[in-house]
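Each chain, written out:
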Amino acid sequence: MLAQIIHYFQTDSGQYWQYVGQHILLSISTLAIAMVIALPLGYLGSRVKAVASFCTAFAQVLRIIPSLALLFLLIPFIGTGVVPALIALVVLALPPLMINTILGFNEVSPTYKEVGLALGMDRRQLRRQIEVPLAMPYILNGIKLALVEIIASATLATYIGAGGLGTLIFTGLGLYDMSYVVIGGVSVALLSLLSMLGFDFLIRKVQRNDQNKYSI
């Protein structure tokens, strides 16, 4: 198998990087769209209990829907390709983003808000200078969880013609060639691992900055 893997990279490395590029582009596009939707909803949910309840119920419902089932449910309505894959992946990415955003803003200590008000801050300044920085570790953790979910589920998007590293996996399964499966699977795992390590580093850096800046 090792010889087959080496041969693939020697002869089809251009194709491999094309699949990697498709996978990364689909993942980043999905994350960006999901953040535009989820972060404002999460902030609103930290202020309005009804919105928080909706976000929690939405997250619980999505946990019982398999990723592949969601992809197939969209085919009769919007066909195949990148667009249905984006929609399905955005839906899957919303729960961790919304829940962690709500949690982050709810975890901001009222003491910091009282200090900000005592210093003469208005609501916008309070949100920008105190609430958002202190909630950021939770928000980043939500982004990390969403991105890992997206990268893994984007593999299934190959079924509806969205491309990406899943093409290698399903090609290998179809041809009974495990070298393709290993190349695709390991590549997806590496992308997920790099994403987790990068966000873990960023979260620790933000937490240290918050401790230095907001220690009372």
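All of the points below concern the structure found in this document. The shown structure was predicted, so the numbers you read here are calculated from the model rather than taken from an experiment.

**Things to note about the overall build of the protein**
Turning to step 1, where the next piece is worked out: Along the protein, the regular secondary structure elements total eight helices and zero strands.
Turning to step 2, where the next piece is worked out: Mapped from its N terminus to its C terminus, the protein presents α and β elements in the order α-α-α-α-α-α-α-α.
Turning to step 3, where the next piece is worked out: Principal-axis analysis of the C-alpha atoms gives the protein an extent of 70 × 40 × 25 Å.
Turning to step 4, where the next piece is worked out: Considering the protein as a whole, with its 216 residues, one finds that 43% of them fall into the buried category.
Turning to step 5, where the next piece is worked out: Here the protein has roughly 11600 Å² of accessible surface; of this, 67% comes from carbon and sulfur atoms.
Turning to step 6, where the next piece is worked out: Computing the positive centroid from 13 side-chain charges and the negative centroid from 9, the protein places the two 10 Å apart.

**Comments concerning unusual backbone geometry**
Turning to step 1, where the next piece is worked out: Of note in the backbone geometry, Tyr176 takes a positive phi value of approximately 55 degrees without being a glycine.
Turning to step 2, where the next piece is worked out: Note on placement: Tyr176 falls in the loop between α7 (166-175) and α8 (178-214).

**Some thoughts on a nonpolar patch on the surface**
Turning to step 1, where the next piece is worked out: Judged by side-chain polarity, Phe77, Ile78, Val83 and Ile87 come together as a nonpolar surface patch covering roughly 400 Å² of accessible area.
Turning to step 2, where the next piece is worked out: Along the chain, Ile78 falls in helix α3 (residues 67-78).

Thresholds applied
Residues numbered from 1 in each chain as written. Predicted model: local features only at pLDDT ≥ 70, side-chain atom pairs only at ≥ 80, totals over all residues. Heavy atoms only, no water. Helix = DSSP H or I, 4+ residues; strand = E, 2+ residues; numbered from the N terminus. Buried < 20%, exposed > 50% of the residue type's maximum accessible area, 1.4 Å probe, protein only. Areas by Shrake-Rupley, 256 points an atom, 1.4 Å probe, with all protein chains shown as cover. Lys, Arg positive; Asp, Glu negative; His and termini not counted. Charge placed at Lys NZ, Arg CZ, Asp CG, Glu CD. Patch = residues over 30% accessible without salt bridge, like charges linked within 9 Å, V, L, I, M, F, W, Y side chains within 5 Å. Salt bridge = Lys/Arg side-chain N within 4 Å of Asp/Glu carboxyl O.

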